[in-house]
Amino acid sequence: MGYADNTIRGKIHTSDMITTSNTESIATLDHPVKFKKTIILYNPLPGYSNEDKGVPLSILSIAAPLEHKGYNIKILDAKVHAHDTECIRKALSWLDDAICVGITTMTGPQVKGALNMARAIKREAPEIPIVFGGWHPTLLPEETINHELVDIVVKGQGYNSFS
């Protein structure tokens, strides 16, 4: 289910609904959730080093309202860890209780880290939806959604989609 002008293969988000490839609506993630209450949010390294220690505001803006609604939010910021592999290891340890994994990415080197995380998640738990958001999916939604590791694309402000 989606809007014709904003939906490609039924998996690109509009500002008021998330749609998936099998046309199940997940209206702003307010659907009843049994037992699983964890949402993993991941910010890959933005470049080739982790020297920039800025706060991942995009992920924090999504996390706050979700936590307020009772979800257990796990934030992984590769800038804090030595490498993306440490974040992947932690994410894999949290999959048992995960509803989805949200990954933010800009066009450029950050896409590699995003795809590495998505690949590891799909290898361990292919049923868990991978949600890509950020500048790259917003500017190139068709390219992003056509990747085999991406289940859902959020265009624009993720806050509107997840809250």
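Above this text you will find the structure in question.
Quick caveat: nothing in here was measured; it's all calculated off a predicted structure.

Caption draft 1: Seen up close, the overall build of the protein chain. On a plain count of helices and strands, the protein chain comes out with six helices and eight strands. In the protein chain, the order of α-helices and β-strands from amino to carboxyl end is β-β-β-β-α-β-α-β-α-β-α-α-β-α. Across the 163 residues in the protein chain, those meeting the buried criterion constitute 47%. Sequence-distant contacts in the protein chain: of pairs separated by 6 or more residues, those separated by 24 or more amount to 65%. Of the roughly 8,400 Å² that the protein chain leaves accessible, carbon and sulfur atoms contribute 55%.

Caption draft 2: Structural view of the pattern of salt bridges. Counted by the stated rule, this structure contains two salt bridges. Among the salt bridges present, the one from Glu-86 reaches Arg-89, with a minimum N-O distance of 2.6 Å. Linking Glu-86 with Arg-89, this pair stays in helix H2 (residues 84–93), spanning three residues, or about one helical turn. The partly exposed category is assigned to Glu-86, whose relative accessible area is 27%. Across the salt bridge formed by Lys-122 and Asp-151, the nearest N and O atoms sit 2.5 Å from each other. Here Asp-151 lies in the loop between helix H5 (141–145) and strand E8 (152–154) and Lys-122 lies in helix H3 (residues 110–124), a separation of 29 residues in the sequence.

Caption draft 3: Local environment of H3. The end-to-end C-alpha separation of H3 is 22 Å, in line with the 21 Å expected for 15 residues at 1.5 Å each. Of all the positions in H3, only Gln-110, Val-111, Gly-113, Ala-114, Leu-115, Met-117, Ala-118, Ala-120, Ile-121 and Lys-122 are classed as buried.

Reading the values: the criteria
Residues numbered from 1 in each chain as written. Predicted model: local features only at pLDDT ≥ 70, side-chain atom pairs only at ≥ 80, totals over all residues. Heavy atoms only, no water. Helix = DSSP H or I, 4+ residues; strand = E, 2+ residues; numbered from the N terminus. Buried < 20%, exposed > 50% of the residue type's maximum accessible area, 1.4 Å probe, protein only. Contact = heavy atoms within 4.5 Å. Areas by Shrake-Rupley, 256 points an atom, 1.4 Å probe, with all protein chains shown as cover. Salt bridge = Lys/Arg side-chain N within 4 Å of Asp/Glu carboxyl O. Expected span 1.5 Å × (residues − 1).

Distances and angles like these do not, on their own, reveal function.
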